[in-house]
Amino acid sequence: MDFQGIGSASFADEHAFAQSFAEYFEQLLPSVENSPFFVSLKEEKGISMEKLFRWLSRLCQDLQKPVVLIIDEVDSASNNQVFLDFLAFLRQYYLNRKNVPAFHSVILAGVHDIKNLKMKIRLDAQHKYNSPWNIAANFDLDMNFSAEQIGMMLKEYEADYRTGMKVDEISGDIYKYTSGYPYLVSALCKLMDENIYGTKGFENLADVWTKEGLLEAVKLILAQQAPLFESMIRQLSEYPDLKQMLHALLFQGKRITFNPDNYVINLAAMFGYIINREGSVQVANRIFEMRLYNFFLSEEELRNAIYDEAQGNRNQFVNDANFFCSI
């Protein structure tokens with residue numbers, strides 16, 4: 001399911017949500033349309049959340065196979081009390097799955113971390129803390145590539161194109177800039193193969209797959225608009241304390257102890273912007289570091305330019321400490 005397919009009106013109350021959810025479910029799984037229980041469900045006015053979950057439980061029982069529910073774009077609904085009530089029902093059915101048929105697993109996509117749903121709840125809305133997230137399983141697998149894994153991919157590329165690159169050296173340099181962050185690794189390699197190749201000084205692939213070619217790719221990625229970087233800047237705007245911490249790291253050289261119980265540090269780690277390096281907070285990789293540094297520097301330059309402009313304009317309208325108007 002994709003929650004972008006459920007309009008905002010469907011979150012007005014639990015009855016509207018339950019009705020929309022059931023109808024959307026029917027579109028995705030037409031075989032349930034003629035089931036007697038679903039027919040009676042559609043005929044009702046104002047389906048309750050409880051009634052919806054009794055139907056979903058019966059569906060899981062009738063299918064006689066493990067059913068996995070995947071919901072995409074969860075963030076689009078995560079500020080809504082009705083959705084949090086929905087999560088609470090999911091939790092209740094999951095915990096009672098030995099007695100009542102329920103989904104084998106639920107995957108919430110389009111959210112950085114299940115804990116992020118809790119962070120979006122207003123502090124004054126204590127009634128919303130009906131914690132469905134404490135049943136989430138820890139995911140301890142390191143998704144970043146190692147230098148050796150990057151090297152394995154480059155060896156496959158080299159087997160096809162025979163560039164003559166020094167695989168161990170290039171893979172090590174890519175790792176230095178990305179710390180193995182999958183998107184950044186792929187993006188740099190793609191830029192080198194498709195954008196750098198054929199430009200002045202890089203007419204041959206042998207010229208591209210060098211330290212110089214990698215540096216050109218780094219320059220391009222730092223100037224690109226990409227969803228990853230757009231999301232990063234948006235998070236800085238949404239969480240001013242996060243922005244202040246990263247600014248202190250990059251511009252003031254502050255040493256900040258890595259404490260996962262600190263809200264801001266935990267938030268930054270959840271987004272993948274920082275890592276724990278020997279007990280201290282450090283920006284996750286060199287490209288993030290340069291991108292953030294360029295952003296903060298640009299903000300500073302703009303503030304100074306606006307200040308200089310304001311001072312210049314002030315001189316046009318202030319004479320001998322007397323204000324006058326110019327039309």
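Sequence order sets the numbering: in each chain, residues are counted from 1 along the sequence as written. pLDDT decides what is reported in this predicted model: residues at 70 or higher carry local features, side-chain atom pairs at 80 or more are listed and counted, and totals for whole chains, interfaces and linings draw on all residues regardless. In computing side-chain properties, one takes all heavy atoms of the structure into account and sets aside hydrogens as well as water.

### Observations regarding the nonpolar core
Moving on, step 1. Only buried residues count toward a nonpolar core, which is a set of Ala, Val, Leu, Ile, Met, Phe, Trp, Tyr and Cys residues joined through side-chain atoms within 4.5 Å. Classification of residues uses two cut-offs on accessible area relative to the type maximum, computed with a 1.4 Å probe and protein chains only: under 20% is buried, over 50% is exposed, and between them is partly exposed. Counting residues in hydrophobic clusters, the biggest one holds 52 residues, and the most contacted among them are L154, W209, I221, L242, L246, I274 and F288.
Moving on, step 2. Helix and strand assignments come from DSSP, with helices taken as H or I runs of at least 4 residues and strands as E runs of at least 2, each series counted from the N terminus. When residues in this core are grouped by element, the largest group, eight residues, is from helix 8 (residues 182-196).
Moving on, step 3. Counting residues in hydrophobic clusters, the runner-up holds 31 residues, among them F3, I6, F11 and L56.

### Focus: the environment of L214
Moving on, step 1. Take L214: it is sitting in helix 10 (residues 211-223).
Moving on, step 2. In this structure L214 comes out as buried when scored by relative accessible area, which is 1%.
Moving on, step 3. L214 sits 40 residues away from I174 along the chain, and the two C-alpha atoms are 7.5 Å apart.
Moving on, step 4. Note on contacts: a residue pair qualifies if any of its non-hydrogen atoms lie within 4.5 Å across the two residues. Residues within four places of L214 in sequence aside, it is in contact with D173, I174, Y177, L188, M192 and V208.

### A closer look at the pattern of salt bridges
Moving on, step 1. The salt bridge definition used is simple: a Lys or Arg side-chain nitrogen within 4 Å of an Asp or Glu carboxyl oxygen. Inspection of every chain in the model, using the stated rule, returns six salt bridges.
Moving on, step 2. Residue E216 pairs with K219 through a salt bridge whose shortest N-O separation is 3.4 Å. In this pair, E216 and K219 both sit in helix 10, three residues apart, roughly one turn of the helix.
Moving on, step 3. In this structure, the salt-bridge partner of E300 is R303, at a minimum N-O distance of 2.6 Å. On the criterion of helical spacing, the pair formed by E300 and R303 is a turn pair, its members being three residues apart in helix 14 (residues 286-317).
Moving on, step 4. The class for R303 is partly exposed, based on a relative accessible area of 44%.

### Topic: the packing of helix 3 (residues 49-63) against helix 4 (residues 81-95)
Moving on, step 1. Between helix 3 and helix 4, the least distance of the axes is 11 Å, while the angle of their chain directions is 40°. The orientation of helix 3 with respect to helix 4, classified from their angle, is oblique. In the crossing of helix 3 with helix 4, the sense of the turn from one axis to the other is right-handed. Touching M49, E50, F53, R54 and S57 of helix 3 are V82, D85, F86, F89, L90 and Y93, all from helix 4.
Moving on, step 2. A per-class count over the contact of helix 3 with helix 4 returns seven nonpolar, one polar and three charged. A fitted line through C-alpha atoms serves as each axis, taken over the contacting stretch for helices, and the angle formed by two N-to-C directions is quoted from 0 to 180°. Every angle not falling under 35 degrees, over 145, or within 65 to 115 is termed oblique; those three ranges are roughly parallel, roughly antiparallel and roughly perpendicular. By convention the crossing between two helices is left-handed if the near helix lies anticlockwise of the far one by an angle smaller than a right angle, and right-handed if it lies clockwise. Three classes are used: nonpolar for Ala, Val, Leu, Ile, Met, Phe, Trp, Tyr, Cys and Pro, charged for Asp, Glu, Lys and Arg, and polar for all others, with Gly counted as polar.

### Focus: the confidence of the model for the protein
Moving on, step 1. The quantity called pLDDT is the predictor's confidence in a given residue, expressed from 0 to 100. Of all residues in the protein, 77% have pLDDT values of 70 or greater, and the mean over the chain is 82.
Moving on, step 2. Here strand 6 (residues 322-323) is the element of the protein with the lowest mean pLDDT, 40, and helix 7 (residues 167-178) is the one with the highest, 97.
Moving on, step 3. Note that pLDDT drops below 50 for residues 121-132; the model gives that stretch 20 contacts with residues more than four away or on any other chain.
Moving on, step 4. Confidence drops under pLDDT 50 across residues 316-327; counting only partners more than four residues distant or on other chains, this segment forms eight contacts.

### Looking at helix 10
Moving on, step 1. With 13 residues, helix 10 should reach 18 Å at 1.5 Å per residue; the first-to-last C-alpha distance of 19 Å fits that figure.
Moving on, step 2. G213, L214, A217, V218, I221 and L222 are the residues of helix 10 that are buried. By definition here, a helix of n residues has an expected span of 1.5 Å times n minus one.

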